[in-house]
Amino acid sequence: MAFTGCILAIGHFSASHSVTWTYGVNYGRIANNLPAPESVVTLLKAAKINHIRIYDADHGVLQAFKGSGIEIIICLPNELLTEMSMGEDRAMNWVKENVQAFLPGTRIRGIAIGNEILGGTTMQLWEALLPAAKNIYIALYRLGLHRTIEVSSPHSEAVFANSFPPSACIFRPDVAPFMKPLLEFFSQIGSPFYINAYPFLAYKNDPQHIDINYALFKDNRGIYDAKTKLHYDNMFEAQVDAAYAALDKAGFSKMEVIVSETGWASRGDPDEAGATVKNAKTYNKNLRKRLAKKKGTPFRPHMVVRAYVFALFNENSKPGPTSERNFGLFKPDGSIAYDIGFTGLEPSAAAASLLSFKLRVG
């Protein structure tokens, strides 16, 4: 179905409601020991966290956040992309049931179309991504929600062919034919580029050649990008600027980059270098301080960096290496996993939340 120019001409997402925030958190729920969403709202308010992302559109979560004032980006899960790409009617039904039904009480501010699709291994999803995004956007437009609810799609570092030095970053040749039309669409509707940026994963994969202090925002020599003549003293900013460089080369120099996931594991397998409580605390504490400055990066000094930390809780049912289950800032009882300046739930509130544990898949 051709995307109509009249909708593009009129329908432009406005981010004016959210320009002041820089710090959010991902609320993943692949676990069997997490507190009920109502307790999570209490926890987030105690920690003064006002922006979250979830990996579905769970009605129990959306209902629990009603009236909280916390802004949420929900997700159209990967397994629904193909269906949503097939027709506007299906997308309209999904938006009515999972978005409109919870407005205005629940502050849904965005819909992520899938997670880490391009660069993955399922070509069918690569092909479905843009049609699904367009159909969801058309539904929002027709319901009058397109100016307050953003449509986007987060990417992994796997979409890049090269990211060192940052100025050398380009999109993978096989990804580019899918990425460029997606970026064109997002540019037309005013959406940013979301990237999952993990210095932890880069360090874990090459600890012999990466200075851990560079990955943790600690004092280090940093790197020098000869092309741009810019110096980087931390990997996080280098990863953000690599994304900006790739966008620049693809013709989207004005598009904002937002970090949809970043974090550091507090435990790992023996071969997972750097996965310790000390490093997780250092990374997340320094990241929070960095984001609180509300500054740009060396390559985009006027584009304030915004990021969602992964993750709110350790998720004990996630598959993969041990690190995957140990990214949480908080323990399931609502107490802090380590101190980076947040307030966890009081013991009484934590005890109450234990009474309402239930399996919630994210």
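Bear in mind the structure is a predicted one, so any value in this text is a computation, not a measurement. (Residues numbered from 1 in each chain as written. Predicted model: local features only at pLDDT ≥ 70, side-chain atom pairs only at ≥ 80, totals over all residues. Heavy atoms only, no water.)

**Student:** Got a minute to help me understand the overall build of the protein chain in this structure?
**Tutor:** Secondary structure assignment for the protein chain yields twelve helices and 13 strands. Relative to the globule expectation of 21 Å for 362 residues, the C-alpha radius of gyration of the protein chain, 20 Å, shows essentially globular dimensions. Reported as C-alpha extents along the three principal axes, the dimensions of the protein chain are approximately 55 × 50 × 35 Å. Buried residues in the protein chain amount to 55% of all 362 residues. A fraction of 71% describes how many contacts in the protein chain between residues 6 or more apart in sequence connect residues 24 or more apart. (Helix = DSSP H or I, 4+ residues; strand = E, 2+ residues; numbered from the N terminus. Rg over C-alpha atoms; globule rule 2.2 N^0.38 Å. Buried < 20%, exposed > 50% of the residue type's maximum accessible area, 1.4 Å probe, protein only. Contact = heavy atoms within 4.5 Å.)

**Student:** I'm lost on the pairing of strand 9 (residues 193-196) in this one. Help?
**Tutor:** By the alternation rule, side chains of strand 9 split into Phe193 and Ile195 and Tyr194 and Asn196, which are all buried. By the bridge criterion, two bridges tie strand 6 (residues 154-155) to strand 9 in an arrangement that is parallel. The residue bridging Pro154 from the neighbouring strand is Tyr194, located in strand 9. Sheet topology places strand 9 next to strand 12 (residues 257-262); four bridges connect them, and they run parallel. Residue Phe193 lies in a different strand from strand 12, and its bridge partner there is Val257. (Pairing = 2+ DSSP bridges.)

**Student:** Sorry if this is basic, but what is going on with the side chain of Arg29 here?
**Tutor:** Looking at the element boundaries, Arg29 is found in the loop between strand 1 (23-26) and helix 2 (37-47). A polar atom in the side chain of Arg29 sits 2.7 Å from the side chain of Asp56. (Polar contact = N/O pair within 3.5 Å; in protein donor to acceptor, adjacent residues only side chain to side chain.)

**Student:** What is the right way to look at the confidence of the model for the protein chain in this model?
**Tutor:** The predicted coordinates ought not to be read in detail in places where the model reports low pLDDT. When the pLDDT values of the protein chain are averaged, the result is 92; 90% of them are 70 or greater. Low pLDDT, under 50, characterises residues 1-10; the predicted model gives this stretch 16 contacts beyond four residues in sequence or across chains. Low pLDDT, under 50, characterises residues 348-362; the stretch is placed with 30 contacts to residues that sit more than four places away or in other chains. (pLDDT = per-residue confidence, 0-100.)

**Student:** Please clarify how the nonpolar core should be interpreted in this entry.
**Tutor:** Of all hydrophobic cores here, the largest spans 112 residues; its most connected members are Phe65, Ile136, Phe171 and Phe193. Grouped together as the second largest cluster of nonpolar side chains are seven residues, Trp21, Ile73, Ile258 and Tyr308 included. (Core = buried A, V, L, I, M, F, W, Y, C linked by side-chain atoms within 4.5 Å.)

**Student:** Looking at this model, I keep getting lost on helix 7 (residues 176-189). Mind explaining?
**Tutor:** Because an α-helix packs 3.6 residues into every turn, residues spaced three or four apart end up facing the same way. If you check helix 7, its first and last C-alpha atoms are 20 Å apart, about what 14 residues at 1.5 Å a residue would give, namely 20 Å. Among the residues making up helix 7, those that are buried are Ala176, Met179, Leu182, Leu183, Phe185, Phe186 and Ile189. Of the residues flanking the end of helix 7, it is Gly190, one or two places downstream, whose phi is positive at about 80 degrees. (Expected span 1.5 Å × (residues − 1).)

**Student:** Hey, could you run me through the environment of Glu315 in this one?
**Tutor:** Structurally, the position occupied by Glu315 is in the loop between strand 13 (307-310) and helix 12 (347-354). When the C-alpha atoms of Glu315 and Arg325 are compared, they prove to be 4.9 Å apart, with ten residues separating the residues in sequence. Each residue touching Glu315, except ones within four places of it in the same chain, is listed here: Gly28, Arg29, Ile30, Ala31, Phe310 and Arg325. Here the side chain of Glu315 touches Arg29 through a polar contact of 3.0 Å, landing on its backbone nitrogen.

**Student:** Whenever I open this one, helix 5 (residues 88-98) confuses me. Can you help?
**Tutor:** Residues Ala91, Met92, Trp94, Val95 and Asn98 constitute the buried set of helix 5. Considered in projection along helix 5, the buried side chains sweep an arc of 165 degrees and stay on one side of the axis. Residues of helix 5 that are exposed and point more than 90 degrees away from the buried face comprise Asp89 and Glu97. Of the surrounding elements, those touching the buried residues of helix 5 are helix 3 (59-64), strand 3 (71-76), helix 4 (81-85), strand 4 (107-113) and helix 6 (123-142). (Arc of directions from axis to C-beta.)

**Student:** Where do I start with the sheet that holds strand 4 in this structure?
**Tutor:** The pairing of strands in a sheet comes from backbone hydrogen bonds and takes either a parallel or an antiparallel form. Taken together, nine strands build an open sheet; the order of strands is 5-4-3-2-1-13-12-9-6 and the sheet is parallel. Every other strand in the sheet has two partners, leaving strand 5 (150-152) and strand 6 as the edge strands with one partner each. Strands in contact with helix 6 are strand 3, strand 4 and strand 5; relative to strand 4, the strand with the most contacts, it is inclined by about 155 degrees. Across the sheet, helix 11 (residues 277-292) is in contact with strand 1, strand 12 and strand 13; its angle to strand 13 comes to roughly 165 degrees. (Axes fitted to C-alpha atoms, helices over the stretch in contact; angles between N-to-C directions.)

**Student:** Can you help me understand the pattern of salt bridges in this one?
**Tutor:** Between side chains of opposite charge, a pair can form when the charged atoms approach closely. Under the counting rule described, the total for this entry stands at eleven salt bridges. Residue Asp58 is joined to Arg29 by a salt bridge in which the shortest nitrogen-to-oxygen separation is 3.8 Å. One end of the pair, Asp58, is in the loop between strand 2 (51-53) and helix 3; the other, Arg29, is in the loop between strand 1 and helix 2, and 29 residues separate them in sequence. The partner of Glu71 in a salt bridge is Arg107, with the nearest N and O atoms 3.1 Å apart. Of the two residues, Glu71 is situated in strand 3 and Arg107 in strand 4; the sequence distance between them amounts to 36 residues. Ionic contacts of the salt-bridge type, sharing partners, join the residues Arg29, Asp56 and Asp58 into one network. (Salt bridge = Lys/Arg side-chain N within 4 Å of Asp/Glu carboxyl O.)

**Student:** I keep staring at the packing of aromatic side chains and nothing clicks. Help me out?
**Tutor:** Each aromatic ring pair is summarised here by two numbers: the centre-to-centre distance and the angle between the ring planes. Per the counting criterion, the structure on display carries 19 aromatic pairs. Both rings, one in Phe185 and one in Phe186, keep their centres 5.7 Å apart while their planes meet at 40 degrees; by these two values the pair is tilted. Phe185 gets classed as buried once you look at its relative accessible area, which sits at 2%. Among the residues examined, Phe186 registers a relative accessible area of 2% and is labelled buried. Relative to Tyr283, the ring of Phe217 has its centre 5.4 Å away and its plane inclined at 45 degrees; by these criteria the two rings are tilted. Pair noted here: Phe217 is in the loop between helix 9 (212-215) and strand 10 (223-225) and Tyr283 is in helix 11, with a separation of 66 residues, a long-range link. Both residues of the pair, Phe217 and Tyr283, belong to the buried class. Three or more aromatic residues joined by ring pairs form one cluster here, namely Tyr55, Tyr198, Phe200, Tyr203, Phe217, Phe236, Trp264, Tyr283, Phe310 and Phe327. (Phe/Tyr/Trp six-rings, centres within 6.5 Å; stacked < 30°, edge-to-face > 60°.)

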